[in-house]
Amino acid sequence: MHGETAVPAFLIFLLVLLAAAVLAVPLANRLKLGSVVGYLAAGILIGPEVLALVRDPATVLQVSELGIVMFLFLIGLEMKPSRVWSMRRDIFGLGGLQMLFTGLVVSLMPLAFGRSWDASLVAGFGLAITSTAILMQILDERGEVQAPHGQRAFAVSIFQDLMIVPLLAMVALLSPHAAQSGKPWWLATGEIIGAVAAVIVIGRYALNPLFRLLATSGGRELMTAAALLVIIASAALMTAAGLSMGMGAFLAGVMLSESKFRFQIEAEIEPFRGLLMGMFFLAIGMTIDLSVIYESWWRILVALVLLIILKTAVMYAIMRLFSYDHDQSIRTALLIAQAGEFGFVLYAAAVAGGVMQPDHGSILVAIVVLSMAVSPFVFRLAPYLSTKRKPGEEREEDFTDVKGSVLVIGFGRFGQVTCQMLLAEGVDLTVIDNDMEMIEAAERFAGRKVYFGDGARFDVLRSAGAERARLILVCIDKADQATAIVRICKQAFPLARVHARSYDRRHTIELRDLHVDYEVRETFESAIAFGSTALQALDLTDERVASVAADVRDRDEKRLEAQRASVRGDALAGREQLYGAAQVMPQPLTPARRAEASRAAGAKSTLKPGEDPSLLDGGAGL
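The structure presented is a predicted model; accordingly, all values stated were derived computationally and were not measured.

Each value, and the rule that gives it
- Residue positions are given per chain, counted from 1 along the sequence in the order it is written.
- Thresholds applied to this predicted model are a pLDDT of at least 70 for local features of residues and 80 or more for the giving and counting of side-chain atom pairs; totals over whole chains, interfaces and linings are not thresholded and use all residues.
- Hydrogens and waters are ignored; side-chain quantities use all the structure's heavy atoms.
- Working definition of a nonpolar core: buried Ala, Val, Leu, Ile, Met, Phe, Trp, Tyr and Cys residues. They are joined through side-chain atoms within 4.5 Å.
- Three exposure classes are used, based on accessible area relative to the maximum for each residue type with a 1.4 Å probe and protein chains only: buried under 20%, partly exposed in between, and exposed over 50%.
- We call two residues contacting when some pair of their heavy atoms lies within 4.5 Å.
- Confidence scores here are pLDDT values: one per residue, from the predictor, ranging 0 to 100.
- Here the rule is simple: two strands pair whenever DSSP picks up at least two bridges between them.
- Secondary structure is summarised from DSSP: a helix means a run of H or I of at least four residues, a strand means a run of E of at least two, and numbering begins at the N terminus for each.
- Interaxial angles span 0 to 180 degrees and are taken between N-to-C directions of axes, which are lines fitted to C-alpha atoms, for helices over the stretch in contact.
- Orientation is classified from the angle alone, with under 35 degrees giving roughly parallel, over 145 giving roughly antiparallel, 65 to 115 giving roughly perpendicular, and any other angle giving oblique.
- Crossing handedness: left-handed means the near helix sits turned counterclockwise from the far one by under a right angle, and right-handed means the same turn made clockwise.
- Classification used: nonpolar for Ala, Val, Leu, Ile, Met, Phe, Trp, Tyr, Cys and Pro, charged for Asp, Glu, Lys and Arg, polar for all others including Gly.
- The definition of a polar contact used here is a pair of N or O atoms within 3.5 Å, where within protein one atom must be able to donate a hydrogen and the other to accept one, and adjacent residues in sequence count solely through side-chain atom pairs.
- Aromatic pairs are defined between Phe, Tyr and Trp rings, using the six-membered ring for Trp, whenever the two ring centres lie within 6.5 Å; interplanar angles under 30 degrees are classed as stacked, those over 60 as edge-to-face, and all others as tilted.
- Starting at the helix axis, one direction is taken to each C-beta atom, and the arc is that of these directions.

Enquirer: Can you walk me through the nonpolar core in this structure?
Expert: Looking at soluble globular proteins, one finds that nonpolar side chains tend to be buried together. Core analysis: the biggest nonpolar cluster contains 121 residues, and F73, V122, L127, F211, I265 and I269 have the highest contact counts within it. Every residue in contact with F211, bar those within four places of it in the chain, is listed here: M223, A226, A227, V230, L256, F261 and I265. If you look at the next biggest cluster of nonpolar residues, it comprises 23 residues, including V474, I485, V486 and L514.

Enquirer: Explain the confidence of the model for the protein chain here, please?
Expert: Parts of the model with low pLDDT should not have their predicted coordinates read in detail. Per-residue confidence for the protein chain gives a mean pLDDT of 77; residues scoring 70 or more make up 81%. Under a pLDDT of 50 for its full length, residues 389-397 has, in the predicted model, 19 contacts with residues more than four places off or in other chains. Under a pLDDT of 50 for its full length, residues 583-622 has, in the predicted model, 68 contacts with residues more than four places off or in other chains.

Enquirer: I tried to follow the sheet that holds strand β5 (residues 497-502) on my own but got confused; where do I start?
Expert: The strands making up a sheet are joined through hydrogen bonds of the backbone, oriented either antiparallel or parallel. Taken in spatial order, the six strands line up as β3-β2-β1-β4-β5-β6 in an open sheet, and their pairing is parallel. Strand pairing shows two members of the sheet lacking a second neighbour, β3 (451-452) and β6 (518-521), which therefore form its edges. Summarising the sheet, strand β1 (residues 406-409) and strand β4 (residues 471-474) pair through four bridges and their orientation is parallel. From the neighbouring strand, V406 faces β4, where its bridge partner is L471. Strands in contact with helix α25 (residues 479-492) are β1, β4 and β5; relative to β5, the strand with the most contacts, it is inclined by about 170°. Across the face of the sheet, helix α26 (residues 505-513) comes into contact with β5 and β6 while running at roughly 165° to β5.

Enquirer: Got a minute to help me understand the packing of helix α7 (residues 117-128) against helix α19 (residues 342-352) in this structure?
Expert: Relative to each other, α7 and α19 sit at 165°, their axes nearing to 9 Å. Relative to α19, the element α7 is oriented roughly antiparallel. Considering only the axes of α7 and α19, their crossing is right-handed. Contacts between α7 and α19 pair V122, A123, G126 and L127 from the former with L346, Y347 and A350 from the latter. Residue composition of the contact of α7 with α19, by class: six nonpolar, one polar and no charged.

Enquirer: Would you mind going over the packing of helix α17 (residues 297-321) against helix α20 (residues 358-379) with me for this structure?
Expert: The axes of two packed helices give the description: the angle between them and the distance between them. As a packed pair, α17 and α20 sit with axes 10 Å apart at the nearest point and diverge in direction by 55°. The orientation of α17 with respect to α20, classified from their angle, is oblique. The hand of the α17/α20 crossing is right-handed. Of α20, the residues touching α17 (which contributes I300, A303, L304, L307 and I308) are I363, A366, I367, L370, S371, V374 and V378.

Enquirer: Is there a simple way to think about the environment of V520 in this case?
Expert: On the secondary structure map, V520 appears in strand β6. Using a relative accessible area of 17% as the deciding quantity, one classes V520 as buried. Separated by 15 residues in sequence, V520 and R505 place their C-alpha atoms 9.8 Å apart. Ignoring any residue separated from it by four or fewer positions in sequence, one finds V520 in contact with F414, A500, R501, S502 and E525.

Enquirer: Would you explain the side chain of R152 in this entry?
Expert: Here R152 lies in helix α9 (residues 148-162). On the accessibility criterion, R152 (14% relative accessible area) is buried. There is a polar contact of 2.6 Å between the side chain of R152 and the side chain of D90. Discounting residues that sit within four places of it in the chain, R152 has contacts with D90, L94, M319, Y324, Q328 and T332.

Enquirer: What am I meant to see in the packing of aromatic side chains here?
Expert: Between two aromatic rings, the relevant description is the distance of the centres plus the angle of the planes. Per the stated rule, a full pass over the model turns up two aromatic pairs. Both rings, one in F92 and one in F159, keep their centres 6.3 Å apart while their planes meet at 85°; by these two values the pair is edge-to-face. Here the residue F92 occupies a position in helix α5 (residues 88-106), and F159 occupies one in helix α9, the gap between them amounting to 67 residues. For F92, a relative accessible area of 53% gives the class exposed. Geometrically, the ring pair formed by F113 and W298 is tilted, given 6.3 Å between the ring centres and 55° between the ring planes. One end of the pair, F113, is in the loop between α6 (108-112) and α7; the other, W298, is in helix α17, and 185 residues separate them in sequence.

Enquirer: In this structure, what is going on with unusual backbone geometry? I would like to understand it.
Expert: Excluding glycine, residues mostly carry a negative phi; peptide bonds, for their part, are mostly trans. Backbone geometry places H515, a non-glycine residue, at a positive phi of 65°. Note that H515 resides in the loop between α26 and β6. On the basis of relative accessible area, H515 is assigned to the exposed category, the value being 57%. Unlike most non-glycine residues, D539 shows phi in positive territory, near 70°.

Enquirer: Could you clarify how one ought to interpret helix α12 (residues 207-217) in this entry?
Expert: Quick reminder: α-helices carry 3.6 residues per turn. Residues three or four places apart thus point the same way. Turning to α12, its buried residues are L207, F211 and L214. Here the buried residues of α12 occupy an arc of 60° about the axis, which is enough to place them on one side. Counted as exposed and oriented over 90 degrees from the buried face of α12: L213 and T216.

Shown next, in the form of structure tokens:
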């Protein structure tokens, strides 16, 4: 009997998937092809068309789509509501025009190959949609998610997700088959609005109390389970309403973007996201029908080249219409040049509804998959099409001669003054920045070598000597990037002390929650110095001025700790530490305008209507 023991089929199935990923992805990265291409190639190899180690890729695809859902949830965590609202021009302007004009232009391709107008229309608008998963994976690997072209491309992808339901409705209207059953349009619209509202309300008022309760219970596995519950529940709710799963997860992430638990949630979800995203790309590779490609290879090749050219040209023209510069326009256009996985769903519905022939659907699916596969290579053309530098002059990340005991990240005005203090004592510095104009200015006027590199990437920090550094100084002016850098440094380089520049009170609290060794708000100490000179001008003694400054610092510190320790993150916590607070009643609307006006020349205020301004370095001035 013991000789009849067999390995369960699901274990063999998992073994094949994991082995394919572990072997193919490092090889693809070594060849500088990118992990996405590695996953796709592995999927083709183990799929039903080659080795047939996996005969049902649809099952893998269905499960692995959760990886995209989790990825969009994590993106949502980085997108505060005020930031999403600030992107409305790009989402509805760029996104709307891109879908309209790209869909119409690309529809001309199947018409030229003799397809019917209705099948061509469905094909064109399906190909107009970009793969959010591929797009974000490319940006994530290059550390360019927060770059201007990354934000523009992501805004377009948000609008494309919103178009999924209308496109499926278009297929139903074009279908020659009578509809079996269907809801009135007003009822379907009401369900969509209700689902979105439910996600927003629950995310705004229920999720923070839930995670606070779980955090006090002390069970880490409960936090993981709760994070997965939030993602899957929001995805299921949106799916029931007819929207994409990713849209629900993205909204849930946005609602938690200002939560004090966002970093813990992100840490819990990240391993699941990475594994499932890899499975998704494996499944895409398995779905490629090699026989269709063999029979119609020249059509597919011509269509693929035309698709990339047309989508790039249309998106570039729209970006220029919106007054974006050439370099940002070309990078954004190349990012959205590929088609997306929604094409699989749309073309399957079109074939089932009789809108297009099965062979047409198979060719379109092959074009979608191949466009996703070549997308990383297409984006590599960006430096060669850029006007800022010639291809051979593209600045590389080169840290071959770094030796400083202090690593400085950011060489703007703040970083330059900080470096002057250290250089005055002969401290060895390694300075990195990703602003080429700043780097060239430093080399030209100060004779100081500044290395090119994105400080928000772990590999760049390690290459720049973060593992050997005694001290890491984060001097950049973007709060989100500074927080990300501090989080990486505290986790990956625990032996180095980390000092950071803080944007406002909220950012200070975020940094302290990450256990930064020292932080200073960019306006606080200058305001203390300015106030001190004001008191001196009023004939106060130097001793009294120093005493007042120390008292204000002490009160501010106590107020920060009260706000940090507040059960609800109450902005009014510690308000008694403010001089004059007893006589001043909160007036949120007026201070909000003052806060926004005070930042008109710099970064946008994150203050929302009705929000107490005292967490910011505007409004109350503290």
